[in-house]
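Residue strings, one per chain:
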Amino acid sequence: YAAVLASRGGSKTLQLCLKTMLPPLLQVVRDGSSIDKQEFVNTALYGIGAFFSSCRAAMDRAANDGVQWHPHPLQPYCSEAVQVLCGIANDNAAAIRALESVLLASPPAEDDMERINTMLRHMSSRLVVAPEGTEELQAARAQTLGVFLGRALTAESSNSLLDAAEIRELLRNDIFLE
């Protein structure tokens, strides 16, 4: 409910929802590495994805009304979310989907770019070169990589995590092996 409130409210409502909900959700993921807490962690991961997506929806709605928010409302949370999610996304479909929401909703910090690129390359190799994991995990990897490959090779490439040259290299070296 809070994510819906964040997407439909104004700037103050969005910021209050993010400030109240994102830090505890990130903490649950950080602290929940034991297997007996996996369902709880997955719920928190989907919550993180929902808040980042809600923020993106609110910002898109505001932009359509001619309003630009500065600084970006997710700026205080993006780097921490990237670090937490990249740490577990190799083997967790919920983390991969949350990471996708984070990266689509907020501009990553320069310091996070290497971590993100490494994660995306690792996902591609675990999908194509040496496939492993459940069907759900493989689907999450494929869908997330598809989103970023598509964005990098279209008009949205100026907002892409990977530039077109890096994407072509990824395609040539990891996906369409020569």
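So, a few notes on the structure that sits alongside this text.

**Overview of the overall build of the chain**
1) Next: For the chain, the helix and strand inventory stands at 8 helices and 0 strands.
2) Next: Traced from its N-terminal end to its C-terminal end, the chain shows the element sequence α-α-α-α-α-α-α-α.
3) Next: Looking at the chain residue by residue over its 178 residues, the buried ones come to 43%.
4) Next: A separation threshold of at least 6 residues defines the contact pool for the chain, and within that pool the share at least 24 residues apart is 65%.
5) Next: Carbon together with sulfur atoms contributes 54% to the accessible area of the chain, which is approximately 9600 Å² in total.

**Some thoughts on helix α4 (residues 75-88)**
1) Next: Of all the residues in α4, the buried ones are Tyr 77, Cys 78, Ala 81, Val 82, Val 84, Leu 85 and Cys 86.
2) Next: Of the surrounding elements, those touching the buried residues of α4 are α2 (11-31), α3 (38-64), α5 (93-105) and α6 (110-129).

**What about the packing of α3 against α5?**
1) Next: Relative orientation of the contacting elements α3 and α5 amounts to 20°, with a least axis distance of 8 Å. As summarised for this structure, α3 and α5 are arranged roughly parallel, according to the angle between their axes. Between α3 and α5 the crossing geometry is left-handed. For the pair formed by α3 and α5, the contact residues are Asn 42, Leu 45, Tyr 46, Ile 48, Gly 49, Phe 52, Ser 53 and Arg 56 on the first element and Ala 94, Ala 95, Arg 97, Ala 98, Ser 101, Val 102, Leu 104 and Ala 105 on the second.
2) Next: A per-class count over the contact of α3 with α5 returns 10 nonpolar, 4 polar and 2 charged.

**Describing the packing of α2 against α4**
In helix packing, the relevant descriptors are the interaxial angle and the interaxial distance, both defined with respect to the helix axes.
1) Next: Two numbers describe how α2 lies on α4: the axes approach to 10 Å, and their chain directions differ by 25°. Judged by the inter-axis angle, α2 sits roughly parallel to α4. The interaxial crossing formed by α2 with α4 has left-handed handedness. From α2, Leu 18, Lys 19, Leu 22, Pro 23, Leu 26, Val 29 and Arg 30 reach across to α4, where they touch Tyr 77, Glu 80, Ala 81, Val 84 and Ile 88.
2) Next: Class assignment for the residues of the contact of α2 with α4 results in 9 nonpolar, no polar and 3 charged.

**Structural notes on α3**
1) Next: Its 27 residues place the ends of α3 39 Å apart at the C-alpha level, agreeing with the 39 Å of an ideal helix rising 1.5 Å per residue.
2) Next: Positive phi appears at Gly 66, one or two residues downstream of α3, with a value of about 85°.

**Notes on the side chain of Ser 54**
1) Next: By the element assignment, Ser 54 lies in helix α3.
2) Next: Once residues within four sequence positions are removed from consideration, Ser 54 is found in contact with Ala 3, Val 4, Ala 6 and Ser 7.

**Notes on the environment of Glu 80**
1) Next: By the element assignment, Glu 80 lies in helix α4.
2) Next: Residues Glu 80 and Leu 26, spaced 54 residues apart in sequence, show a C-alpha to C-alpha distance of 8.1 Å.

**Observations concerning the environment of Ala 6**
1) Next: Along the polypeptide, Ala 6 turns up in helix α1 (residues 2-8).
2) Next: For the pair Ala 6 and Leu 16, spaced 10 residues apart in sequence, the C-alpha separation works out to 8.2 Å.

What counts, and where the lines are drawn
- Residues numbered from 1 in each chain as written.
- Predicted model: local features only at pLDDT ≥ 70, side-chain atom pairs only at ≥ 80, totals over all residues.
- Heavy atoms only, no water.
- Helix = DSSP H or I, 4+ residues; strand = E, 2+ residues; numbered from the N terminus.
- Buried < 20%, exposed > 50% of the residue type's maximum accessible area, 1.4 Å probe, protein only.
- Contact = heavy atoms within 4.5 Å.
- Areas by Shrake-Rupley, 256 points an atom, 1.4 Å probe, with all protein chains shown as cover.
- Axes fitted to C-alpha atoms, helices over the stretch in contact; angles between N-to-C directions.
- Parallel < 35°, antiparallel > 145°, perpendicular 65-115°, else oblique.
- Left-handed = near helix turned anticlockwise from the far one by under 90°.
- Nonpolar A, V, L, I, M, F, W, Y, C, P; charged D, E, K, R; others polar.
- Expected span 1.5 Å × (residues − 1).

None of the figures reported here should be taken as evidence of function without further support.
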